[in-house]
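Residue-level listing of the chains:
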Amino acid sequence: MRVLWIVNVPTPEASSLLNIDSTPYGGWLTLTSRVLSESDEIELSIAFPQSVDRQKYKLIKGEKIDYYPFKPQNKLNSYDEEELLKILEQSCPDIVHIFGTEYSHSSIFSNICIKNNIKFTVSIQGLVSVYSKHYMAHLPAKLMNKYTIKELIKRSNLKAQKSNFVKQGVIEKQVIMDSKYIIGRTDWDKACTEQINDSAKYFHCNENLRSSFYDGKWNINTKETHSIFLSQGNYPIKGMHLMLEALFIVIKKYPNCKLYVAGNNIYKNRTIKEKLKLSTYAKYIISLIKKYNLGDKVIFTGPLNEDEMKKMYLKSHVFVCPSSIENSPNSLGEAMILGVPCITSNVGGVSNLIEHEKEGYIYQGDAPYMLAYYIEKVFKDDEKTISLSNAAIQKATSTHNYIKNNFRLIEIYKNILQKGTDEIC
């Protein structure tokens, strides 16, 4: 079975073959593609946008995977459709699997498949058409129309960022409407896609994690006591502003508490030039840190690679996902499979990943006082925390079982191909 994936970033093997730095995003694709390519039933090719020498790198041969870089979107907001058509002709797929629905290239590939009677399916990652409704959740209305100097130049303040989600959502809805087959993994993405296209066949398939997270276990005796970890907090959906409100409550009982946030340090002493580059949201976060006197409680770790992220999880007392919307956040899965005690807002599809009071704690997303309550529960009750940790490992090991998940993916491909297809090759 010849399978062509359409993804948004190159895998590490493709990056190495192209002599470019590997991206920190989409790491879960690495394990999935490797295991899938090792199947005797699959011949896998992967296409992705990347600026390279088009003549030199039309096709790149990996150990078991063929790679097709294509020219990224240009300033005119379009792709070279002929180039994308040639990728399909050269790879000659039985089925095309498109990851992510909001990208312009996803729309073009789906249209080419429809025109040429090629079976294709789309995997739901997030859904920006829905995320846009939650983009400004629990933020002061006055921030909506503010601009920093950088945002004024780029015309990219919070209102514009939300608007971009809405625009991408138009593409996303059309791709979903054009799809006969959809792959998802939560009640949330099933509900949302059915409301866009209730005639598409929905297949459930859980997602794999980055490979290093399948090894290692959190130990309550080696943690940094009263430390909290956030995997990111650089834009509003990730809910760092609510985390800071909860932290202000927690430090009254646990004054030695520390919050570690993966990402660039927006709070350090900066030059005037650096300050001008701050976003409205970053400035708001800084204002909350000052308001609640948290300057010595919040530590930005800088960008973290896979191994560094794993170390941060394992040293933390608790992992928190305070987002205003998520589908099934990989950060939560990574924390759970390592056994890190987890607390998450009850949004999107997270309730499919974790059961309240059994594998972690789930709280009302707009109630930071409840987040504080559950953080304090983790801090003071070691016996319960260890129980949560062990149950989380068991649940995540099942959810993110890469052998089972890849078997399911092949099963889905076979199901879609049962009626046959007419390739363009």
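Here's what I pulled together on the structure shown here. (Residues numbered from 1 in each chain as written. Predicted model: local features only at pLDDT ≥ 70, side-chain atom pairs only at ≥ 80, totals over all residues. Heavy atoms only, no water.)

**Considering helix α13 (residues 330-338)**
At step 1: In terms of residue burial, α13 counts as a mostly covered element, since nine of its nine residues are buried.
At step 2: Within the span of α13, buried status applies to N330, S331, L332, G333, E334, A335, M336, I337 and L338.
At step 3: The secondary structure elements touched by the buried residues of α13 are α2 (28-37), α12 (306-315), β12 (318-321), β13 (342-345) and α15 (382-399). (Buried < 20%, exposed > 50% of the residue type's maximum accessible area, 1.4 Å probe, protein only. Helix = DSSP H or I, 4+ residues; strand = E, 2+ residues; numbered from the N terminus. Contact = heavy atoms within 4.5 Å.)

**Examining the sheet that holds strand β14 (residues 361-363)**
At step 1: Overall, parallel pairing links the six strands, which are arranged β11-β10-β9-β12-β13-β14 in an open sheet. Strands at the two margins of the open sheet, each flanked by one partner only, are β11 (298-300) and β14. Neighbour-to-neighbour, the strand axes of the sheet open up by a mean angle of 25 degrees, direction not taken into account.
At step 2: Pairing between β12 and β13: three bridges, direction parallel. Across the sheet, the residue bridging to F319 is C342, located in β13.
At step 3: The strands that helix α14 (residues 368-380) touches are β9 (227-230), β12, β13 and β14; relative to β14, the one it contacts most, it runs at about 165 degrees. (Pairing = 2+ DSSP bridges. Axes fitted to C-alpha atoms, helices over the stretch in contact; angles between N-to-C directions.)

**Topic: helix α8 (residues 187-196)**
At step 1: Within the span of α8, buried status applies to W188, D189, C192 and T193. Around the axis of α8, the buried residues are gathered within 115 degrees of arc, so they sit on the same side. Facing away from the buried side of α8 by more than 90 degrees, the exposed set consists of D187 and Q195.
At step 2: Looking at the packing, one finds that the buried side of α8 touches α5 (128-134), α7 (158-178), β7 (181-184) and β8 (201-204). (Arc of directions from axis to C-beta.)

**A few points about the packing of aromatic side chains**
At step 1: Taken as a whole and assessed by the stated rule, the structure comprises 16 aromatic pairs.
At step 2: With 5.6 Å between their ring centres and 65 degrees between their planes, F70 and F109 make a pair best called edge-to-face. Taken as a pair, F70 in strand β4 (residues 66-70) and F109 in helix α4 (residues 104-115) lie far apart in primary sequence, 39 residues in all. Pair check on accessibility: F70 and F109 agree, each one buried.
At step 3: On the numbers, 4.8 Å between centres and 15 degrees between planes, the contact of Y361 with Y374 is stacked. Taken as a pair, Y361 in strand β14 and Y374 in helix α14 lie far apart in primary sequence, 13 residues in all.
At step 4: Given a relative accessible area of 9%, Y374 falls into the buried group. (Phe/Tyr/Trp six-rings, centres within 6.5 Å; stacked < 30°, edge-to-face > 60°.)

**A look at the pattern of salt bridges**
At step 1: Tallied over the full model, the rule gives 16 salt bridges.
At step 2: In this structure, R185 and E207 form a salt bridge, with 3.7 Å as the shortest nitrogen-oxygen distance. Residue R185 is located in the loop between β7 and α8, and its partner E207 is located in the loop between β8 and β9; the two are separated by 22 residues in the primary sequence.
At step 3: For E207, a relative accessible area of 11% translates into the label buried.
At step 4: One salt bridge connects K377 with E357, and the closest N-O pair in it is separated by 3.5 Å. (Salt bridge = Lys/Arg side-chain N within 4 Å of Asp/Glu carboxyl O.)

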